[in-house]
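Each chain, written out:
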Amino acid sequence: RCEKLYQTIPDVIALMAEQGFHVIVDSFITTLKDCYAYRSKLTRYGLFMVYLQAPIEIIEQREAARGDRLKGSARHWFNQFECDEICDISFDTSI
């Protein structure tokens, strides 16, 4: 059920765009399949995908500093992202 809900997000964004809304979405998209779903459904609305990255050491420091994250979740998710190659721009947030 969670997967179906997640797959519906680009459709909801498209509906809002069709109504004239300018939408900024902060989303946790990990797989190429999901990235391509966003692209196929939202390109006609001016989709611009941004990839944020930082070295694992920096991400783990941020995880610890927040104090509300499950220890180890940063490392778990670090290598799960497949979309960096198809994003329009990438930023290293450690700089």
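Here the structure is a predicted model, which is why all the values come from computation and not from measurement.

(A) A look at the state of the cysteines. Enumeration over the complete set of coordinates arrives at 1 disulfide. Residue pairing for C35: its cysteine sulfur links by disulfide to C83, the two sulfurs lying 1.7 Å apart. Sign of the S-S torsion, about 105° for the bond between C35 and C83, identifies this disulfide as right-handed. In this pair, C35 is assigned in helix α2 (residues 32-42) and C83 in the loop between α4 (73-78) and β2 (89-92), connecting sequence segments 48 residues apart. The exposure class of C35 is buried, given its relative accessible area of 1%. Not part of a disulfide, C87 finds its nearest cysteine sulfur in C35, a span of 5.7 Å.

(B) Spotlight on the nonpolar core. In terms of nonpolar packing, the biggest core is built from 11 residues, these being I13, A14, I29, C35, Y38, L42, M49, Y51, C83, I86 and C87. At the level of secondary structure, the elements contributing two or more residues to this core comprise α1 (2-18) and α2. With 3 residues, α2 is the largest single contributor of residues to this core. Contacts of C35, omitting those with residues within four sequence positions, involve I29, M49, C83 and I86.

(C) Main features of the packing of α1 against α2. It is the contact of α1 with α2, at a shortest axis distance of 9 Å, that shows an interaxial angle of 25°. It follows that α1 is roughly parallel to α2 by the angle criterion. For the pair α1 and α2, the sense of crossing is right-handed. For the pair formed by α1 and α2, the contact residues are E3, Y6, Q7, I9, P10, D11, I13 and A14 on the first element and K33, D34, A37, Y38, K41 and L42 on the second. Taken together, the residues of the contact of α1 with α2 break down into 8 nonpolar, 1 polar and 5 charged.

(D) Summary view of the packing of aromatic side chains. Counted according to the given criterion, the structure contains 2 aromatic pairs. Ring geometry for F28 versus F81: centroids 5.1 Å apart, planes at 85°, classification edge-to-face. With a gap of 53 residues between them, F28 in the loop between α1 and α2 and F81 in the loop between α4 and β2 connect regions that are remote in the sequence. The exposure class assigned to F81 is partly exposed, which follows from its relative accessible area of 25%. The structure contains a cluster of three or more aromatic residues connected by ring pairs, namely F28, W77 and F81.

Calculation notes
Each chain carries its own residue numbering, running from 1 in the written order of its sequence. A pLDDT threshold of at least 70 governs which residues receive local features in this predicted model, and a stricter bar of 80 or more applies before side-chain atom pairs are shown or counted, although totals over entire chains, interfaces and linings include all residues. The basis for every side-chain value is the complete set of non-hydrogen atoms in the structure, without hydrogens or water. Any two cysteine sulfur atoms lying within 2.5 Å of each other are counted as a disulfide. Strands here mean DSSP runs of E at least two residues long; helices mean DSSP runs of H or I at least four residues long; both are numbered from the N terminus. A simple rule labels every residue: compare its accessible area, found with a 1.4 Å probe on the protein chains alone, to the largest value its type can have, and call it buried under 20%, exposed over 50%, or partly exposed in between. Nine residue types can take part in a nonpolar core, namely buried Ala, Val, Leu, Ile, Met, Phe, Trp, Tyr and Cys, and a core is a set of them joined through side-chain atoms within 4.5 Å. Residues count as neighbours in contact if any of their non-hydrogen atoms are within 4.5 Å of one another. In this analysis, axes come from line fits to C-alpha atoms, helices being fitted only over the stretch in contact, and the angle between any two N-to-C directions falls in the range 0 to 180 degrees. Relative orientations are named as follows: roughly parallel for angles under 35 degrees, roughly antiparallel for angles over 145 degrees, roughly perpendicular for angles from 65 to 115 degrees, and oblique for any other angle. Crossings are assigned a handedness: left-handed for a near helix turned anticlockwise from the far helix by less than a right angle, right-handed for a clockwise turn. Each residue is assigned to one class: nonpolar for Ala, Val, Leu, Ile, Met, Phe, Trp, Tyr, Cys and Pro, charged for Asp, Glu, Lys and Arg, and polar for all the others, Gly among them. For Phe, Tyr and Trp, rings pair up if their centres lie within 6.5 Å, where Trp contributes its six-membered ring, and each pair is then called stacked (planes under 30 degrees apart), edge-to-face (over 60) or tilted (otherwise).

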